[in-house]
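Listed below are the residues making up each chain.
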Number of protein chains: 2
Amino acid sequence: MTISRFIPPQRTLMGPGPSDVSPRVLQALAQPTIGHLDPLFVGMMDEVKALLQYAFQTENAFTIAVSAPGSAGMETCFVNLIEPGDTVIVCRNGVFGERMRENVERCGATAVMVDDEWGKPVDPAKVEAALKANPEASVVAFVHAETSTGALSDAKTLSALAREHDCLTIVDAVTSLGGVPLLVDEWQLDAVYSGSQKCLSCVPGLSPVTFSPRAVEKMQQRTGKVQSWFLDQSLVLGYWSGEGKRSYHHTAPVNSLYALHESLLMLKEEGLENAWQRHRDMHELLKAELEALGVNFLVEPDHRLPQLNAVAVPEGVDDAAVRAKLLNDYNLEIGAGLGALAGKAWRIGLMGYAAKRENVALCAKALKDVLG
Amino acid sequence: MTISRFIPPQRTLMGPGPSDVSPRVLQALAQPTIGHLDPLFVGMMDEVKALLQYAFQTENAFTIAVSAPGSAGMETCFVNLIEPGDTVIVCRNGVFGERMRENVERCGATAVMVDDEWGKPVDPAKVEAALKANPEASVVAFVHAETSTGALSDAKTLSALAREHDCLTIVDAVTSLGGVPLLVDEWQLDAVYSGSQKCLSCVPGLSPVTFSPRAVEKMQQRTGKVQSWFLDQSLVLGYWSGEGKRSYHHTAPVNSLYALHESLLMLKEEGLENAWQRHRDMHELLKAELEALGVNFLVEPDHRLPQLNAVAVPEGVDDAAVRAKLLNDYNLEIGAGLGALAGKAWRIGLMGYAAKRENVALCAKALKDVLG
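Residues numbered from 1 in each chain as written. Chains lettered and ligands numbered in written order. Predicted model: local features only at pLDDT ≥ 70, side-chain atom pairs only at ≥ 80, totals over all residues. Heavy atoms only, no water.

On to the overall build of chain A, then. Across its full length, chain A carries 12 helices and 13 strands. Relative to its length of 372 residues, chain A is compact, with a C-alpha radius of gyration of 21 Å against a globular reference of 21 Å. By principal-axis analysis of the C-alpha atoms, chain A measures approximately 60 × 55 × 45 Å. Taken over 372 residues, chain A has a buried fraction of 65%. When contacts within chain A are restricted to residue pairs at least 6 apart in sequence, those whose partners lie at least 24 apart make up 73%. Roughly 12700 Å² of accessible area belongs to chain A as shown, and the carbon and sulfur atoms make up 50% of that amount. Side chains of chain A give 33 positive and 45 negative charges; the mean places of these two sets differ by 4 Å. (Helix = DSSP H or I, 4+ residues; strand = E, 2+ residues; numbered from the N terminus. Rg over C-alpha atoms; globule rule 2.2 N^0.38 Å. Buried < 20%, exposed > 50% of the residue type's maximum accessible area, 1.4 Å probe, protein only. Contact = heavy atoms within 4.5 Å. Areas by Shrake-Rupley, 256 points an atom, 1.4 Å probe, with all protein chains shown as cover. Lys, Arg positive; Asp, Glu negative; His and termini not counted. Charge placed at Lys NZ, Arg CZ, Asp CG, Glu CD.)

So this is what it looks like as structure tokens:
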């Protein structure tokens, strides 16, 4: 195998993530590496924390970026807050609810599943019934924005239900953070994780996480050690904490954190509300274009994620061939269906930096050309 | 808090890692992000695999980069190969042997510790005695190059002992890969993990890992699921495997993998043997300079890592003040002592791209100036 320098093409990324990354973020990424205990780097980490607090709309002191992708952020929440023998209500309306079940069971706990159809939001009535039927449950876990189906669930209502029954919440906000309202403090969410490569439009590889004081308390009252050394937040906090001297835990992904800092700064500059509005506006534009092409949404209007448009592959159309043509001829990536929707759906992302008029135009015209 | 763009200084990184990153690697890093299932990206991953096989000197089909730092690579080896109730011989001659014990115990297994003094290599006689005393042991775990002390252990001999007693080996090669000979196949090592930010001189955040067919077999014969979903290699392989269609597991850190590809390509271009020789040569130069300053090594000559020079902080010298002066006045980072060596040692790295004459000269002159 002769191997030479890899030079990727310039794609337009309108799948379920990674999304288009701004040149500003790529430039930040490529700055010279400095030490992970360098005082200047430690100062930058404090800024990342403050910027993440803004993005999550929280004052949680425990707000960091896990040094690994979103699925490690998910695992961080579960392994730190769940102990063997616990009961967890897990809402499943797509791929990521199922992954939550895997996490619960690998912690030696019991997952009580609350199922909703793929493409539908989580039904609060079912969650309430599960809470009543399982008074021993200590946590309710749900996906705010299901990346596999494009459905948005009502995190505020689900959180209120969990609180009424003395449960913490673990919330998957991988695709929601920065794209739709996510009010961690106002909604009293307890452990929330996200990903860098969706509506933050940073490079993939980091997972923003925030824990409420209640979640931190639960973590501190554990009877056993967290099963993962790498994700044990009682250790990680010694590195991220602003109090006194930082202690070494693992080597932080320095350059990726430069990029996250810059992407969060861009979000702050734009303003969260403006970013949410931009996602809605671009979604409306795309929706009109798709409807004109006879392409139908899978999710009811009230629960659609503006940043992730899941649509049915039209009757008689070859899913893979269309996506390959968009990629090869237009350098345009849209997402395939996942799990139960494989072959049946496309997932068209309008995330972060990718949520712009030129992308909507390209996607609409390219799809029109290819669908003929 | 007013936050503006973060612009790091240009440091010379001569600590225990991250090491200096070549402009070629930074340039590769900043290339446009493409999808993690893009056929071009999947092709690049095959190249990363082949380049890692070269770096590890192995034909192991299971050779990948874990999407997280070296400590996650360590955990990958333990959680996949250890089951509750197992007995593991763990060699401890520094910080990372202790971290291995943590990993073993969090897997519900028993760690039989073989202790050697910090700064000394692992003593094969003690390992043999432990193997004889614990015939139920299934794994021997040791650190090839102890980053906390600068000592090199004899991986070949330790591996042979483990085999004689039907044990697999888990080997920490975080600091050895690319810096000193590491012959995975010839020495018959079973599960070996490293880090991107040491002698590969890539940005931090990735952990190259290779499993022998024996290790893969042990993984496949597990009776229970791996406790970590994120690090479960039976799932990860569906993404990294070259056979047929890649299945989604997690979103790969696309840009960091561009950088790893480029840094491995640079190693291939130079040639492994030449890289090892360069590390030895630069070590000899630095050693002469340090000795002229009256700075003494902590490790006996036969077991010194050329890429990580652990030296005693001279009597009466203020450790932190010297390091701060080097950093602030010379933009030069050297490492502090870790664990038992905190305040007592400096760790001067000559890793990968940082192992060059200009760095030796800068370090020698700056230390001379600062020590007065």
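As a further point, take the sheet that holds strand β1 (residues 12-14) of chain B. All names here are of chain B. In space, the 4 strands of this open sheet follow the order β1-β12-β13-β11, with mixed pairing throughout. Looking at which strands have only one partner, the edges of the open sheet turn out to be β1 and β11 (308-312). Neighbour to neighbour, the strand axes of the sheet diverge by 30° on average, direction disregarded. Summarising the sheet, strand β12 (residues 332-336) and strand β13 (residues 345-349) pair through 2 bridges and their orientation is antiparallel. Note on β13: the bridge partner recorded for alanine 336 is tryptophan 346. Each of β12 and β13 touches helix α11 (residues 319-330); the most contacted strand, β12, lies at about 160° to it. (Pairing = 2+ DSSP bridges. Axes fitted to C-alpha atoms, helices over the stretch in contact; angles between N-to-C directions.)

Moving on, we come to the interface of chain B and chain A. Bring the parts together and some accessible area is lost; that lost area is often taken as the interface size. Taken residue by residue, the interface counts 72 residues in chain B and 72 residues in chain A. When the buried area of chain B at its contact with chain A is split by residue, Phe6, Arg106 and Trp229 of chain B rank highest and sum to 13% of it. Linking chain B with chain A are 8 salt bridges. Between arginine 106 of chain B and aspartate 232 of chain A there is a salt bridge; the shortest N-O distance is 2.8 Å. (Buried area = accessible area lost by both parts, 1.4 Å probe. Salt bridge = Lys/Arg side-chain N within 4 Å of Asp/Glu carboxyl O.)

Once that is clear, we can look at the UniProt feature "modified residue: N6-(pyridoxal phosphate)lysine" (unreviewed entry) in chain A. Residues and elements named next belong to chain A. UniProt tags Lys198 as "modified residue: N6-(pyridoxal phosphate)lysine" (unreviewed entry). Mapped onto the elements, lysine 198 comes out in the loop between β9 (191-193) and β10 (207-211). If near-sequence neighbours (up to four positions away) are discounted, lysine 198 is found in contact with Pro16, Gly17, Ser19, Thr147, Val174, Thr175, Met351 and Gly352. A polar atom in the side chain of lysine 198 sits 2.5 Å from the backbone oxygen of proline 16. (UniProt positions renumbered as here; feature names shortened; annotations may be inferred. Polar contact = N/O pair within 3.5 Å; in protein donor to acceptor, adjacent residues only side chain to side chain.)

The next thing to look at is the relation of the copies chain B and chain A. By a simple turn and slide, chain B fits onto chain A: the slide is 0.0 Å along the axis, the RMSD is 0.0 Å, and the turn is 180°. Such values leave the two copies arranged in the relation of a two-fold axis. A share of 100% of interface residues in chain B that are also interface residues in chain A marks the association as one of identical surfaces. (Least-squares fit on C-alpha atoms with pLDDT ≥ 70 in both.)

Residues and elements named next belong to chain A. We note that the domain assignment places domain 1 (12-18 + 272-371) and domain 2 (23-268) within chain A. Centre-to-centre separation of domain 1 and domain 2, based on C-alpha positions: 26 Å. The partner domain 2 presents 31 residues to the 24 residues of domain 1 that form the contact. Summed over both partners, the interface of domain 1 with domain 2 buries about 2200 Å², with 68% contributed by carbon and sulfur atoms. Seen at the junction of domain 1 and domain 2, the total is 0 salt bridges. Where domain 1 touches domain 2, the interface holds 9 residue pairs in polar contact (both at pLDDT 80 or more). Of all the secondary-structure elements, those providing two or more residues to the side of domain 1 that touches domain 2 are α10 (272-292) and β11 (308-312). Residue contributions to the side of domain 1 that touches domain 2 peak at 4 residues, all from α10. Residue composition of the side of domain 1 that touches domain 2, by class: 16 nonpolar, 6 polar and 2 charged. (Domains from an automatic or database assignment. Nonpolar A, V, L, I, M, F, W, Y, C, P; charged D, E, K, R; others polar.)

Residues and elements named next belong to chain A. Along the chain, threonine 87 turns up in strand β3 (residues 87-92). Under the relative-accessibility criterion, threonine 87 is labelled buried at 8%. Leaving out residues up to four positions away in the same chain, threonine 87 has contacts with Thr110, Val112, Glu136, Ala137, Ser138 and Val139.

This part is about the packing of helix α11 (residues 319-330) of chain A against helix α12 (residues 357-371) of chain A. All names here are of chain A. Axis separation between α11 and α12 bottoms out at 10 Å; the angle between their running directions is 120°. Taken together, α11 and α12 sit at an angle that is classed as oblique. Where α11 crosses over α12, the handedness of that crossing is right-handed. In this structure, α11 uses Val322, Lys325, Leu326 and Tyr330 to contact α12, whose residues at the interface are Leu362, Ala366, Leu367, Asp369, Val370 and Leu371. (Parallel < 35°, antiparallel > 145°, perpendicular 65-115°, else oblique. Left-handed = near helix turned anticlockwise from the far one by under 90°.)

Attention now moves to the pattern of salt bridges. Using the criterion set out here, one finds 44 salt bridges over all chains in the structure. Aspartate 116 of chain B serves as the salt-bridge partner of lysine 126 of chain B, at 2.9 Å between the closest nitrogen and oxygen. Of this pair, lysine 126 of chain B sits in helix α5 (residues 124-133) while aspartate 116 of chain B sits in the loop between β4 (110-115) and α5, and the two are 10 residues apart along the sequence. Residue lysine 126 of chain B is classed as partly exposed on the basis of its relative accessible area of 37%. Here aspartate 319 of chain B makes a salt bridge to arginine 323 of chain B, at a shortest N to O gap of 2.9 Å. Of the two residues, aspartate 319 of chain B and arginine 323 of chain B are both situated in helix α11; the distance of 4 residues between them amounts to about one turn of the helix. What emerges from the salt-bridge pattern is a single network uniting Arg92, Glu98, Arg101, Glu102, Glu105, Arg106 and Asp115 of chain A together with Lys225 and Asp232 of chain B.

Glancing now at unusual backbone geometry. At the junction of glycine 17 of chain A and proline 18 of chain A, the peptide bond is cis and its omega measures out at 0° in the coordinates. One can find proline 18 of chain A in the loop between β1 (12-14) and α1 (23-29). Notably, aspartate 166 of chain A is not glycine yet its phi reads approximately 55°, a positive angle. A relative accessible area of 65% means that aspartate 166 of chain A is categorised as exposed. For asparagine 331 of chain B, which is not glycine, the phi dihedral falls at a positive 50°. Structurally, the position occupied by asparagine 331 of chain B is in the loop between α11 and β12.

What follows concerns α5 of chain B. Three- or four-residue spacings in an α-helix give side chains the same orientation, since the helix completes a turn every 3.6 residues. All names here are of chain B. By the burial criterion, the buried members of α5 are Val127, Ala130 and Leu131. One face of α5 carries all of its buried residues, which in axial projection span an arc of 100°. Turned more than 90 degrees from where α5 packs its buried face, Lys132 and Ala133 sit exposed. Contacts from the buried residues of α5 go to β3 (87-92), β4, β5 (139-143) and α6 (155-164). Here α5 starts with a cap whose side-chain oxygen sits 2.9 Å from the backbone nitrogen of alanine 125, and that cap is aspartate 123. (Arc of directions from axis to C-beta.)

Our focus in this paragraph is empty space enclosed by the protein. Evaluation of the coordinates by the stated rule reveals 4 cavities of 30 Å³ or more. Taken together, 15 residues line the largest cavity, and the ones lying closest to its centre are Gly70, Ser71, Phe96 and Val174 of chain A together with Tyr248 of chain B. When residues of the lining of the largest cavity are assigned to their parent elements, the largest contribution, 3 residues, is made by helix α3 (residues 70-81) of chain A. Here the residues of the lining of the largest cavity sort into 6 nonpolar, 6 polar and 3 charged. Of the pockets and cavities examined, the second largest cavity occupies roughly 70 Å³. As for the second largest cavity, its lining consists of 13 residues, of which Gly205 and Ser256 of chain A together with Gly205, Pro253 and Ser256 of chain B are closest to the centre. Looking at the lining of the second largest cavity residue by residue, the class counts come to 7 nonpolar, 6 polar and no charged. (1 Å grid on protein atoms, 1.4 Å probe; cavity = no way out; pocket = protein on both sides within 12 Å on 5 of 7 lines; lining within 4 Å. Points joined across faces, edges and corners; volume = space filled by probe spheres on them.)

On to the environment of asparagine 359 of chain A, then. All names here are of chain A. In this structure, asparagine 359 sits in helix α12. Expressed as a C-alpha distance, the spacing of asparagine 359 and leucine 286, which sit 73 residues apart in the sequence, is 9.3 Å. When near neighbours in sequence (up to four residues on either side) are disregarded, asparagine 359 contacts Thr12, Met14, Asp20 and Ala354.

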